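Breakdown of the fold
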Amino acid sequence: IILNLSYKKRKEEITKEDLMNFHEQIEKNDMIILYTGWTNNYDRDFYSTDYPYLDISGATYLSSQKIKFVGTDGVSIAGFTKDTNDNNIHIFKTHRLLLERKIYIGEELNTTQVRFQEQESFIEGILIALPIKIIDGDAGWSRIIFIKS
């Protein structure tokens, strides 16, 4: 399922409260794409730092569901900061929480072909992830395909 979160602004968190608006749909699905429309900013100077991201409350909520995969069109599922005092700890917590629960993460998904109908808040379909094996890697590329039902 693709959840329409295109109302999220630069650097804005995707929270449990945002996801609760889709609770019924999330309960019925195990693969979720968080659509923010961020792919449309690819050629902007703020693309790699200012994307909307899943906060720890949203990650905690998703990890309590039957989710197997969560993807985003942002550069990372978690936020970005240049603050060296912060050590990006919230970024590590979000990734770690999802991965410890065996939830695969897809980042920087190309969503330029996604089109929501007026007033449509989600799109149901089949998500297929075709990973490319990288020897001794902890991450890698995948071809993510979504077929609208």
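Residues numbered from 1 in each chain as written. Predicted model: local features only at pLDDT ≥ 70, side-chain atom pairs only at ≥ 80, totals over all residues. Heavy atoms only, no water.

Right, let's get into the pairing of strand 5 (residues 69-72). Residue alternation in strand 5 divides its side chains into two sets, Phe69 and Gly71 and Val70 and Thr72, and both sets are buried. Looking at chain direction, strand 3 (residues 31-35) and strand 5 are connected through four bridges and run parallel. In the sheet register, Leu34 faces strand 5, and the bridge partner there is Thr72. Relative to strand 6 (residues 104-106), strand 5 runs parallel, the two being bridged by three bridges. Across the sheet, Phe69 pairs through a bridge with Tyr104, a residue of strand 6. (Buried < 20%, exposed > 50% of the residue type's maximum accessible area, 1.4 Å probe, protein only. Helix = DSSP H or I, 4+ residues; strand = E, 2+ residues; numbered from the N terminus. Pairing = 2+ DSSP bridges.)

Counting residues in each nonpolar core, the largest one holds 21 residues, and the members touching the most others are Leu19, Ile26, Leu34 and Leu54. Listed by contribution, the elements that provide at least two residues to this core are strand 3, helix 3 (56-63) and helix 4 (89-100). Apart from the residues lying within four places of it in its own chain, the contact partners of Leu19 are Leu3, Ile14, Ile26, Leu34, Leu54, Gly58, Tyr61 and Leu62. In terms of nonpolar packing, the next biggest core, distinct from the first, is built from eight residues, Ile33, Tyr35, Val114 and Leu127 among them. (Core = buried A, V, L, I, M, F, W, Y, C linked by side-chain atoms within 4.5 Å. Contact = heavy atoms within 4.5 Å.)

What follows deals with the side chain of Asn4. For Asn4, the location among the structural elements is in strand 1 (residues 2-4). A polar contact is formed between the side chain of Asn4 and the side chain of Ser6, at a distance of 2.6 Å. At 3.3 Å, the side chain of Asn4 forms a polar contact with the backbone oxygen of Glu120. Not counting chain neighbours up to four residues away, the residues in contact with Asn4 comprise Phe22, Tyr35, Phe116, Glu120 and Ser121. (Polar contact = N/O pair within 3.5 Å; in protein donor to acceptor, adjacent residues only side chain to side chain.)

Moving on to the sheet that holds strand 6. Pairing is mixed in the open sheet, where five strands are placed in the order 6-5-3-1-7. Edge positions in the sheet fall to strand 6 and strand 7 (122-123), since each has one partner strand and no second.

Moving on to the environment of Thr39. Residue position: Thr39 is located in the loop between strand 3 and strand 4 (53-54). With a relative accessible area of 12%, Thr39 lands in the buried category. Distance in space between the C-alpha atoms of Thr39 and Thr112 is 6.3 Å, their sequence separation being 73 residues. In this view, Thr39 contacts Asp73, Leu109, Asn110, Thr111 and Thr112; residues no more than four positions away in its chain are not counted. Here the side chain of Thr39 touches Thr111 through a polar contact of 3.1 Å, side chain to side chain.

This part covers the pattern of salt bridges. A complete count under the given rule lists six salt bridges for this structure. Between Glu12 and Lys8 there is a salt bridge, with the nearest N and O atoms lying 3.3 Å from each other. Look at Glu12 and you get partly exposed, because its relative accessible area is 29%. Residue class for Lys8 comes out buried when judged on its relative accessible area of 9%. In this structure, Glu100 engages Arg96 in a salt bridge whose closest nitrogen and oxygen atoms are separated by 2.8 Å. In this pair, Glu100 and Arg96 are both assigned in helix 4, four residues apart and thus about one turn of the helix distant. Overlapping salt bridges bring together Lys8, Glu12 and Asp18 as one network. (Salt bridge = Lys/Arg side-chain N within 4 Å of Asp/Glu carboxyl O.)

On to the packing of aromatic side chains, then. Tallying each qualifying case throughout the model produces four aromatic pairs. Judged by centre distance (5.2 Å) and plane angle (55°), the ring pair of Tyr35 and Phe116 falls under tilted. Of the two residues, Tyr35 is situated in strand 3 and Phe116 in the loop between strand 6 and strand 7; the sequence distance between them amounts to 81 residues. Measuring from centroid to centroid gives 5.7 Å for Trp38 and Phe46, while their planes differ by 55°, and the two rings are tilted. Overall, the relative accessible area of 10% leaves Phe46 in the buried class. Through pairs of rings, three or more aromatic residues link up here, namely Trp38, Tyr42, Phe46 and Tyr47. (Phe/Tyr/Trp six-rings, centres within 6.5 Å; stacked < 30°, edge-to-face > 60°.)

Everything listed is a geometric property; what it means functionally is a separate question.
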